[in-house]
Amino acid sequence: TECVSGCVCPEGLFDDGRGGCVEEKDCPCIHNNEWYSSGEKIKVDCNTCTCQKGVWRCTNEVCYGTCTIYGSGHYNTFDGKFYDFDGSCEYVATQDFCGDKKSSGSFSIITENVPCGTTGVTCSKAIKMFLGKTELKLENKEYREIQRDVGGDVQYWNRTVGLYLVIEASNGVMLIWDKKTTVFIKLSPDYKGKVCGLCGNFDDKSNNDFTTRSGLQVANSLKFGNSWKQSPMCPDVTQEIKPCDLKPHRKSWAEKECSIIQSEVFKICHSKVDPHPFYEACVHDACSCDSGGDCECFCSAVAAYAQECTKAEACVFWRTPDICPIFCDYYN
């Protein structure tokens, strides 16, 4: 009945959100604040999504789950829950011996955490991987095999990929270790909801990851972590350690170094992977490693974010001759 000022598309065409008018079949899609034209494909984890008429249509493959343990007590569970736990003991990272005592399983991965600095934070020093009757101990940049009397036969293969030692087993378990303090555990989709330990239960819900050994759900990471210790002789962790409060003179240095995570260098990744928890973890680590491991702690923390970026298809070249250099020729 009256005129309204403004721009509209002619009948039969649609506003494409970028100042143009298009037919319905050419409508673009948005993912992580980026525009994609109709027909473009993107990878989300192990699935491929195609933009069709402004809507994403994705394949429904069930993907491998990944749990990350790195630096001084940082855990990112199979379901994406990020938390810190600093205990000096051996802990169950993940296993499929869950439920009653007699339940059968085929694998267990134990992380041995030791203090890595004078503030009391702990890092993963050694990993034990039990595959049927085979025990693998990863320590001091190498691994050794121990045969036990109990358990079935589970085949495994090992190979070195760049910086990492990769152990892949026939039962769908893969362990990737940087020979320092970072461990990635990958599980095939068959284990969904059937595992337990510090890496959670892999049921696609992060709100129930803090399930203790006795099956109780708790809200507190300390109660949860303490329940998964291997030996009752280890003391319980009673308080969260805040290394920057204990070493205030290191705080400004830590914040300055770790700011790379929130800087232009990683800009392409910020919309895909939230940098905040990785930045906080980096500052925590850079404050805490005060007995010679400064660079290693800082570099592992930034590398953990870079790894998540790579998984989200945002490749970032952040290493320089001054910042965490790697001699690629040597590793290749």
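Residues numbered from 1 in each chain as written. Predicted model: local features only at pLDDT ≥ 70, side-chain atom pairs only at ≥ 80, totals over all residues. Heavy atoms only, no water.

An unreviewed UniProt entry lists the protein under the name MUC2 protein, with Dasyornis broadbenti as the source organism.

Taken domain by domain, the protein consists of domain 1 (14-58), domain 2 (65-227) and domain 3 (243-312). Look at where the C-alpha atoms of domain 1 and domain 2 centre, and you get two points 38 Å apart. (Domains from an automatic or database assignment.)

Two modes of strand pairing occur in sheets, parallel and antiparallel, and in both the strands are linked by backbone hydrogen bonds. Within the open sheet, the five strands sit side by side as 11-12-13-14-15. Their pairing is antiparallel. The sheet is open, and its two edges are formed by strand 11 (90-95) and strand 15 (142-147), each paired on a single side. Between one strand axis and the next, the sheet turns through 25 degrees on average, direction left out of account. As paired elements, strand 14 (residues 134-139) and strand 15 share six bridges and run antiparallel to each other. Considered in strand 15, the bridge of Glu 139 is made with Glu 142. (Pairing = 2+ DSSP bridges. Helix = DSSP H or I, 4+ residues; strand = E, 2+ residues; numbered from the N terminus. Axes fitted to C-alpha atoms, helices over the stretch in contact; angles between N-to-C directions.)

Moving on, we get to empty space enclosed by the protein. To find leftover empty space, a probe the size of one water molecule is rolled over the atoms. Under the definition given, this model contains one cavity of 30 Å³ or more. Along the walls of the largest cavity sit Thr 68, Tyr 70, Asn 76, Phe 82, Phe 184, Phe 278, Ala 304, Gln 307 and Glu 308, which together make up its complete lining. Mapped onto the lining of the largest cavity, the elements with two or more residues apiece are strand 8 (65-70) and helix 6 (294-311). Here the lining of the largest cavity takes three residues from helix 6, the largest share from any one element. For the lining of the largest cavity, the residue count by class is five nonpolar, three polar and one charged. (1 Å grid on protein atoms, 1.4 Å probe; cavity = no way out; pocket = protein on both sides within 12 Å on 5 of 7 lines; lining within 4 Å. Points joined across faces, edges and corners; volume = space filled by probe spheres on them. Nonpolar A, V, L, I, M, F, W, Y, C, P; charged D, E, K, R; others polar.)

Turning our eyes to something else, we now look at a nonpolar patch on the surface. A surface patch of nonpolar side chains, about 430 Å² in accessible area, is lined by Phe 327, Tyr 330 and Tyr 331. Among the structural elements, Tyr 330 can be located in helix 7 (residues 328-331). (Patch = residues over 30% accessible without salt bridge, like charges linked within 9 Å, V, L, I, M, F, W, Y side chains within 5 Å. Areas by Shrake-Rupley, 256 points an atom, 1.4 Å probe, with all protein chains shown as cover. Salt bridge = Lys/Arg side-chain N within 4 Å of Asp/Glu carboxyl O.)

Another point: the packing of aromatic side chains. All told, the structure shown has 12 aromatic pairs when counted by the stated rule. Between Phe 266 and Tyr 305, the ring centres sit 5.2 Å apart and the planes meet at 50 degrees, which makes this aromatic pair tilted. Taken together, the positions of Phe 266 in the loop between helix 3 (248-258) and helix 4 (267-270) and Tyr 305 in helix 6 put the pair 39 residues apart, joining distant regions of the chain. With a relative accessible area of 0%, Tyr 305 lands in the buried category. A centroid spacing of 5.1 Å and a plane angle of 45 degrees characterise the contact between Phe 278 and Tyr 305, whose relative ring orientation is tilted. Taken together, the positions of Phe 278 in helix 5 (residues 276-288) and Tyr 305 in helix 6 put the pair 27 residues apart, joining distant regions of the chain. Taken individually, Phe 278 and Tyr 305 each receive the classification buried, so the pair is uniform in this respect. Among the aromatic side chains, those forming a connected cluster through ring pairs are Tyr 75, Tyr 83, Phe 210 and Phe 224. The ring of Phe 210 has Lys 81 lying over it, and the distance from NZ or CZ to the ring centre is 4.7 Å. (Phe/Tyr/Trp six-rings, centres within 6.5 Å; stacked < 30°, edge-to-face > 60°. Buried < 20%, exposed > 50% of the residue type's maximum accessible area, 1.4 Å probe, protein only. Lys NZ or Arg CZ within 6 Å of the ring centre and 35° of its normal.)

Bringing unusual backbone geometry into the picture now. The phi torsion of most residues other than glycine is negative, and most of the peptide bonds are trans. With a phi angle near 65 degrees, Lys 141 is a residue other than glycine that sits in the positive phi range. Of note, Lys 141 is situated in the loop between strand 14 and strand 15. The phi dihedral of Phe 202 falls on the positive side, at around 55 degrees, and the residue is not glycine. Relative to the helices and strands, Phe 202 resides in the loop between strand 19 (183-187) and helix 1 (221-227).

On inspection of all chains with the given rule, the structure shows 14 salt bridges. Note that Asp 26 is salt-bridged to Lys 25, the shortest N-O span being 3.3 Å. Residue Asp 26 is classed as partly exposed on the basis of its relative accessible area of 35%. Notably, a salt bridge pairs Glu 90 with Lys 128, separated by 2.9 Å at the nearest N-O pair. With a gap of 38 residues between them, Glu 90 in strand 11 and Lys 128 in strand 13 (residues 122-131) connect regions that are remote in the sequence. The exposure class of Glu 90 is partly exposed, given its relative accessible area of 21%.

This part takes up the environment of Lys 41. Structurally, Lys 41 is set in strand 5 (residues 41-44). You can call Lys 41 exposed: its relative accessible area is 56%. On a C-alpha basis, the gap between Lys 41 and Gln 52 in space is 9.7 Å, while along the polypeptide they are 11 residues apart. Other than its neighbours up to four places away in sequence, Lys 41 contacts Thr 48, Cys 49 and Thr 50. (Contact = heavy atoms within 4.5 Å.)

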